[in-house]
Amino acid sequence: MWICPKCGRPFQNTEQDHYCGKPPATIEAYIAAQPEETQPYLRQVNAAIKASIPEAKEKISWSMPAYWKGRNLIQFAAFKRHIGLYPGPEAVAAFAGRLAEYKTSKGAIQLPYGKPLPLDLIGEIATWCEANYTRVTPGSP
């Protein structure tokens, strides 16, 4: 077991990536708290998602930026070497052919820094997530 020297939280993996402290209240606060060199990438990802699903609510979920409409539709986060995009396993499977050049796992896509971001593809994935994941909750219009 490894204990983070900054926040004191225990983890099973040594040097596990995590967010120390209180989660940010907004997506912009999350981005502003990241290293300066990663902020432009995060802003581009955020803008692509926001433009594609403007009706979705912005929130922080699991200490990451998320877009929500009855449930989390898509999330993203900064890591040392990449941005993690989390559209869910169904979306990753649906776009597998177009994601061949990226590392993927169940529900996650790694977008490395230093490489142009596939902003159109990110927007299409976000739109797909909204169309396929939005649930109407009882009592909602």
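Structural data are supplied above this passage.
One structure accompanies this document, and this report is about it.

Reading guide: rules and limits
Residues numbered from 1 in each chain as written. Predicted model: local features only at pLDDT ≥ 70, side-chain atom pairs only at ≥ 80, totals over all residues. Heavy atoms only, no water. Helix = DSSP H or I, 4+ residues; strand = E, 2+ residues; numbered from the N terminus. Expected span 1.5 Å × (residues − 1). Buried < 20%, exposed > 50% of the residue type's maximum accessible area, 1.4 Å probe, protein only. Contact = heavy atoms within 4.5 Å. Phe/Tyr/Trp six-rings, centres within 6.5 Å; stacked < 30°, edge-to-face > 60°. Lys NZ or Arg CZ within 6 Å of the ring centre and 35° of its normal. Pairing = 2+ DSSP bridges. Salt bridge = Lys/Arg side-chain N within 4 Å of Asp/Glu carboxyl O.

## Notes on helix H4 (residues 119-133)
Over its 15 residues, H4 extends 20 Å from the first C-alpha to the last, a length consistent with the 21 Å expected when each residue adds 1.5 Å. Listed in full, the buried residues belonging to H4 are Leu121, Ile122, Gly123, Ile125, Ala126, Cys129, Glu130 and Tyr133. In this structure, the buried side of H4 is in contact with helix H2 (39-52), strand E5 (72-78), strand E6 (82-86), helix H3 (89-94) and strand E8 (108-112).

## Some details on the packing of aromatic side chains
The way to describe two aromatic rings as a pair is by their centre distance and the angle between their planes. One pass over the structure, following the stated rule, counts four aromatic pairs. Considering the side-chain rings of Trp2 and Phe11, the 6.1 Å spacing of their centres and the 35° angle between planes classify their relative orientation as tilted. The buried category is assigned to Phe11, whose relative accessible area is 9%. Among the aromatic side chains, those forming a connected cluster through ring pairs are Phe95, Trp128 and Tyr133. Directly above the ring of Tyr133 sits Arg71, whose terminal nitrogen or CZ lies 4.4 Å from the centroid. Directly above the ring of Tyr102 sits Lys115, whose terminal nitrogen or CZ lies 4.8 Å from the centroid.

## Let's talk about the pairing of E5
Summarising burial for E5: six of the seven residues are buried, a large majority. Taken together, strand E4 (residues 64-68) and the strand that follows it, E5, pair antiparallel across an intervening segment of three residues, in which Gly70 is found at a positive phi of about 85°. Hairpin connection between E5 and E6: a loop of three residues separates the two successive antiparallel strands.

## Description of the pattern of salt bridges
For side chains bearing opposite charge, pairing can occur when the charged atoms are close. Counted according to the given criterion, the structure contains five salt bridges. Between Glu130 and Lys69 there is a salt bridge whose closest N-O contact spans 2.9 Å. Of the two residues, Glu130 sits in helix H4 while Lys69 sits in the loop between E4 and E5, which places them 61 residues apart along the sequence. Take Lys69: its relative accessible area is 28%, and that puts it in the partly exposed class. For the salt bridge of Lys115 with Glu101, the shortest nitrogen-to-oxygen distance reads 3.2 Å. With a gap of 14 residues between them, Lys115 in the loop between E8 and H4 and Glu101 in the loop between H3 and strand E7 (103-105) connect regions that are remote in the sequence.

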